[in-house]
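Topology and contacts: notes
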Amino acid sequence: LVGVEVALVLNQQGIDVTIVEMLPEIMSDCATTDKIAYAEAIATERITVHTRERLTKILEDGVEVVDAHDIPHNIKADSVVLATGYCPHGELVESLKKEAGIEIFQIGDCRRPGKIYDAIHTAYKTARRI
């Protein structure tokens with residue numbers, strides 16, 4: 001979703017954009033409403049989408065990608081934006097638990113990357129437990 005949002009913003013600035021996605025479809029982890037809204041926006045803009053391809057190299061004049069059959073090809077580009085997703089880092093939480101000796105509650109992206117809606121509801125449920 002973040003990559004698609006960046007693609008749309010860049011495209012609105014007059015930049016030709018190509019999205020490369022390893023999975024069979026873009027935004028596979030999004031809500032249906034987000035998919036519909038963003039797919040409509042992508043369809044009306046000049047954004048090229050390559051699915052089932054993965055980036056293997058960043059070159060001086062673009063990128064090298066390989067398709068589902070491991071056949072490489074190049075895509076010309078002036079700039080490359082990597083939107084590879086999120087992952088929580090629990091090191092700080094574990095460190096605080098050990099050093100401070102206090103109970104710590106994880107909510108939002110430090111627990112599991114998601115949307116603000118998820119963080120608010122996790123916080124609410126946690127607060128009710130406390």
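Structural notes, computed from the coordinates. Starting from 1, residues in each chain are numbered consecutively following that chain's sequence as written. Only residues with pLDDT of 70 or above have their local features reported here, since the model is predicted, and side-chain atom pairs are shown and tallied only from 80 upward, although totals for entire chains, interfaces and linings are computed over all residues. Side-chain figures throughout are based on the complete set of non-hydrogen atoms in the structure, without hydrogens or water.

1. Regarding the side chain of Glu64
Summarising the element assignment, Glu64 is placed in strand E4 (residues 62-66). Using a 1.4 Å probe on the protein chains alone, a residue whose accessible area is under 20% of its type maximum counts as buried, one over 50% counts as exposed, and one in between counts as partly exposed. Think of it this way: Lys and Arg go in the positive column, Asp and Glu in the negative one, and His and the chain ends go nowhere. We define a salt bridge as a side-chain nitrogen of Lys or Arg found within 4 Å of a carboxyl oxygen belonging to Asp or Glu. One buried charged side chain, Glu64, makes no salt bridge at all; its nearest oppositely charged neighbour is Lys57, positioned 4.3 Å away. Reaching out from Glu64, the side chain makes a polar contact with the side chain of Thr56 at a distance of 2.7 Å. Where helices and strands are cited, they refer to DSSP runs of H or I of at least four residues and of E of at least two residues respectively, numbered from the N terminus. Think of a polar contact as two N or O atoms within 3.5 Å of one another; within protein, one of them needs to be a possible hydrogen donor and the other a possible acceptor, and neighboring residues in sequence only count if both atoms come from side chains.

2. What to know about helix H1 (residues 2-12)
Within H1 the residues assigned to the buried category are Val4, Ala7, Leu8 and Asn11. The buried side chains of H1 occupy one side of the element, clustering within an arc of 95 degrees when seen end-on. In what follows, residue pairs with any heavy atoms lying within 4.5 Å of each other are defined as contacts. On its buried side, H1 packs onto strand E1 (17-21), helix H2 (32-44) and strand E2 (47-51). In this description, the arc belongs to the directions extending from the helix axis to the C-beta atoms.

3. Here we look at a positive patch on the surface
A cluster of like positive charges, contributed by Arg111, Arg112, Lys125 and Arg129, occupies part of the molecular surface. Turning to its location among the elements, Arg112 is positioned in the loop between helix H3 (91-100) and helix H4 (116-129). Patch members must show over 30% relative accessible area and no salt bridge, and they are joined within 9 Å when carrying like charges or within 5 Å when they are nonpolar side chains of Val, Leu, Ile, Met, Phe, Trp or Tyr. The Shrake-Rupley method, run with a 1.4 Å probe sphere, supplies the accessible areas, and residue values consider only the shown protein chains as cover. Working definition for charges: the position is that of NZ of Lys, CZ of Arg, CG of Asp or CD of Glu.

4. Some remarks on the sheet that holds strand E5 (residues 72-76)
Pairing between two strands is assigned when DSSP locates at least 2 bridges connecting them. Strand order in the open sheet made by the three strands is E3-E4-E5, with antiparallel pairing throughout. Pairing within the sheet leaves two strands with one partner each, and these edge strands are strand E3 (54-59) and E5. Here the average twist between neighbouring strands, direction ignored, is 30 degrees. Direction of pairing for E3 relative to E4: antiparallel, over a ladder of five bridges. Across the sheet, residue Leu55 finds its bridge partner in E4, namely Val65. To obtain each axis, a line is fitted to C-alpha atoms, and for helices this fit is confined to the stretch in contact; angles are then taken between N-to-C directions over 0 to 180 degrees.

5. Concerning the pairing of E2
Direction of pairing for E1 relative to E2: parallel, over a ladder of five bridges. Across the sheet, the residue bridging to Val20 is His50, located in E2. Where the polypeptide runs from E1 across H2 and back to E2, its parallel neighbour, the crossover connection is right-handed. Here, the term right-handed applies to a crossover whose path from the first strand over the helix to the second runs clockwise when the strands point away from the viewer.

6. Overview of the side chain of Thr122
Note on placement: Thr122 falls in helix H4. Owing to a relative accessible area of 15%, Thr122 belongs among the buried residues under this scheme. Side-chain polar atoms of Thr122 contact the backbone oxygen of Asp118, separated by 2.8 Å. Setting aside anything within four residues of it in sequence, one finds Thr122 in contact with Gln106, Ile107 and Arg111.

7. A word on the environment of Val81
Locating Val81 in the fold gives a position in the loop between E5 and H3. Put simply, Val81 and Val6 are 75 residues apart on the chain and 8.5 Å apart in space, counted from C-alpha to C-alpha. The contacts of Val81, once residues within four sequence positions are left out, are Val6 and Leu10.

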